[in-house]
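Letter by letter, the chains look like this.
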Amino acid sequence: MAVGSLLIRPKAVSPATMQLATLSRRSLSYSSRFGNGLRAASSPLTVNSRRQPVQRSFRRSYTDSAPEPEPKKRFRFLRWAYRLTLLAGLGMTGWTAYSIYVLNNPEEQFQPDPDKKTLVILGSGWGAVSLLKKLDTENYNVIVISPRNFFLFTPLLPSCTTGLIEHRSIMEPIRNILRHKKGTVKYYEAEATKIDYEKRVVHISDGSEITGDVSRTEVPFDMLVVAVGAENATFGTSVCSCSIPGIPGVKEHSCFLKEVGDAQKIRKRIMDCVETAMFKDQTEDEVKRLLHMVVVGGGPTGVEFAGELQDFFEEDLKKWIPEIQDNFHVTLVEALPNVLPMFSKQLIDYTESTLKEEKITLRTKTMVKNVTDKYIEAEVTKPDGSKEIEKIPYGLLVWATGNAVRPVVRDLMNQIPAQKNSRRGLAVNEYLVVNGTENIWALGDCSVTNYAPTAQVASQEGAFLARLFNTMAKTEEIEKELSRLSAAQQAAKNEDERNKILEEIKERQKQLRRTKQIGPFQYSHQGSLAYIGKERAVADISWLSGNIASGGTMTYLFWRSAYLSMCFSVRNRVLVATDWIKAKIFGRDVSRE
């Protein structure tokens, strides 16, 4: 057989068969692209004898062209953080708007029952305002007497001296506070000059520049709260004794830092010293004296003011008045071996090292003995224990050393025999009742307790007194109800009515026992904060059963947020935050006023 005979010749393919194959290939291509949706449509076009190979090809094509799994979403955390931040911002904006609306739209007040007891509160400081904030004024006829018609947020007062914060930003009008109480509260802008314990009256005097027909009058009371605070001590220690005379020249030549007027006076004095030092033909010694700022007192107030003043110089003064940069100097004088004695040892060391880094001269173991208009005389204790008198010239002298008893408090102490041994203020018991009295309470710096005279202590004492007075009013109301029920029980006509009244009496007695269960005042220390300059702060915070001590820039941010949250109202918080932002953008103002 010829080789050529073994070759298989291809059959001739008809046009119909070629058309059918072409349609089959197209259907497979469509199936691989679009899946099962076109599978049924392609099957009629497939020849039965070639159905199996076509199905295998379809499965391979479907597997090869299956969609790949989607990659993990990136930046999911950032998207959620953005959403949470947005929601928090909207919530904060809504809460602020609502708070402002409530602040500007007080509800109608009702006049309290004139037959109820008259509660007189002397003062508008931390203790008095904390008491008013939580007191139910429906239970008493409340009268507030104070020479200043605002509450002052004193922790930020050092910032007002350098223009970092406007003084009105930390002032809350007392009328705003009283107007939001349920019951009407009377307020008299006057100074209490005398408390007559026997007659139960308070003598008050209108100290304003414009007085009416009556400048002196009397206010009777059933209950009296003394929260007048204290004066500036002038003897160089942190505790006042009435028998110790003041250091000569302190009142005449020093600036204090306790009220808004003090901060304004310091502000003017700083710029007066700077501008006078730049005056024509000043001697070099006089320039150095004028630009030497001395702060007496190493407590939180003195340290914070020294830090704020140095910041003012570094960030603003020397930029606009470069001629003073070689002579401007801040000195902090303290009679004790170290500053901030209420803080832990490590924070004291950190503070002192920071002050030195800021070029603030720290003079510890230095006790002021005499003050003149141009220098102070101080007794300096040397490392070997010897002492010598040194003259320290100054242009500005700020005195921030402690508290002294006010005359009205001293007069009341002299009227009460139980107060004869008290020297630092009104001695009180565990319920803040003045020893030797029944209807007078004292709180804050004018009272003597086992705690330091701080704003934190006064605020907690005020809140305690509010709970106590609310409890007393509720107790009196229940006792009156028990008297009424007892009389009704005796007048009952049958046994069932008497038993019903008896059950109600038992319920009132249980309520009375629960109401009377209020313990004595106990102070809860929340911690101590102090700004030390250069955007650094120190904090000694109570946490669980121990303390957390920290210092630095993060603590400074915590210091700002804590003080911002402690401001009395939303209005104060917004104003203070705005002042901080304004000073950061434009700097502090170096004008005199």
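Since we're looking at a predicted model, the values are computed, not measured. Numbers given to residues run from 1 along each chain, matching the order in which its sequence is written. Given that this is a predicted model, residues contribute local features only at a pLDDT of at least 70 and side-chain atom pairs are listed and counted only at 80 or more, while totals for whole chains, interfaces and linings are drawn from all residues. Water and hydrogen atoms were dropped before computing side-chain values, which therefore reflect all heavy atoms in the structure.

Caption draft 1: Local environment of the sheet that holds strand E15 (residues 366-371). One open sheet holds the three strands; their spatial order is E15-E16-E17, and the pairing between them is antiparallel. Whereas interior strands pair on both sides, the edge strands pair on one side only; in this sheet they are E15 and strand E17 (387-393). Going across the sheet, the axis of each strand differs from the next one's by a mean of 30 degrees, ignoring polarity. At least two bridges found by DSSP between two strands is the condition for calling them paired. Counting from the N terminus, the helices are the DSSP runs of H or I reaching at least four residues and the strands are the DSSP runs of E reaching at least two. Pairing of E15 with strand E16 (residues 375-381), which is carried by five bridges, proceeds in the antiparallel orientation. In the strand pairing of E16, Val371 is matched with Ile376. Simply put, an axis is a line fit to the C-alpha atoms, just over the touching stretch for a helix, and the angle between two N-to-C directions goes from 0 to 180 degrees.

Caption draft 2: Representation of the confidence of the model for the protein within the structure. pLDDT gives the predictor's per-residue confidence on a scale running from 0 to 100. With 85% of its residues at a pLDDT of 70 or more, the protein has an overall mean of 85. Any pair of residues with heavy atoms lying within 4.5 Å of one another is described as a contacting pair. Contacts from residues 1-13, a stretch scored under 50 in pLDDT, to residues over four places away or in other chains number two contacts. This model gives residues 236-243 a pLDDT under 50, and the stretch forms 21 contacts once residues within four places in sequence are excluded.

Caption draft 3: Representation of the nonpolar core within the structure. Val226, Leu465 and Phe469 are the most contacted members of the largest nonpolar core, which totals 124 residues. Domain start and stop positions are those given by an automatic or database domain assignment. Counting contributing residues, this core receives three or more from each of domain 2 (109-228 + 407-445 + 451-466) and domain 3 (255-403 + 525-586). Setting aside residues no more than four positions away along its own chain, Leu465 makes contact with Leu131, Val225, Tyr431, Leu432, Trp441 and Leu443. Formed by 14 residues, the second largest nonpolar core is a distinct cluster that contains Val250, Val294, Val371 and Ile376. Each nonpolar core is a collection of buried residues, namely Ala, Val, Leu, Ile, Met, Phe, Trp, Tyr and Cys, held together in the definition by side-chain atoms within 4.5 Å. Relative accessible area decides the class of each residue, using a 1.4 Å probe on protein chains only: under 20% of the type maximum gives buried, over 50% gives exposed, and in between gives partly exposed.

Caption draft 4: Spatial organisation of the packing of aromatic side chains. Stacked, edge-to-face and tilted are the three classes for Phe, Tyr and Trp ring pairs, Trp counted by its six-membered ring, which pair at centre distances within 6.5 Å; planes under 30 degrees apart are stacked, over 60 edge-to-face, the rest tilted. Inspection of the entire model under this criterion finds 15 aromatic pairs. Ring geometry for Tyr140 versus Phe469: centroids 6.3 Å apart, planes at 65 degrees, classification edge-to-face. Taken together, the residues Tyr140 in the loop between helix H6 (126-134) and strand E2 (141-146) and Phe469 in helix H15 (residues 455-490) connect sequence positions 329 residues apart. Exposure class is identical for Tyr140 and Phe469. Each is buried. The interplanar angle of 55 degrees and the centroid separation of 5.8 Å between the aromatic rings of Phe151 and Phe568 together place this pair among those described as tilted. Placement of the pair is Phe151 in strand E3 (residues 150-152) and Phe568 in the loop between helix H17 (553-566) and helix H18 (570-586), with a sequence separation of 417 residues.

Caption draft 5: Expanded view of the pairing of strand E24 (residues 536-543). Among the eight residues of E24, six are classified as buried, and the element is accordingly described as predominantly covered. Taken together, the six bridges between strand E23 (residues 527-533) and E24 define a ladder with antiparallel strand orientation. Paired with Leu529 across the strands is Ala539, a residue of E24. Hairpin connection of E23 to E24: two residues between the antiparallel strands, including Lys534 at a positive phi of 60 degrees. Bridge count between E24 and strand E25 (residues 546-552): seven bridges; the pairing is antiparallel. Considered in E25, the bridge of Ser542 is made with Asn547.

Caption draft 6: Expanded view of the pattern of salt bridges. Definition used for salt bridges: Asp or Glu carboxyl oxygen within 4 Å of a side-chain nitrogen of Lys or Arg. By the definition in use, this model includes 21 salt bridges. Here Glu284 ties to Lys288 by a salt bridge, and the two come within 3.6 Å at their closest N and O atoms. With a gap of four residues between them, Glu284 and Lys288 both fall in helix H11 (residues 284-290), about one helical turn apart. A relative accessible area of 55% means that Glu284 is categorised as exposed. A residue is classified by how much of its surface remains accessible, and Lys288, at 40% relative accessible area, is partly exposed. For Asp349, the salt bridge identified is with Lys345, shortest N-O distance 2.9 Å. In this pair, Asp349 and Lys345 are both assigned in helix H13 (residues 345-357), four residues apart and thus about one turn of the helix distant. On the basis of relative accessibility, which here comes to 56%, the residue Lys345 falls in the exposed class. Several salt bridges share partner residues, and in doing so they unite Glu315, Asp316 and Arg588 into one network.

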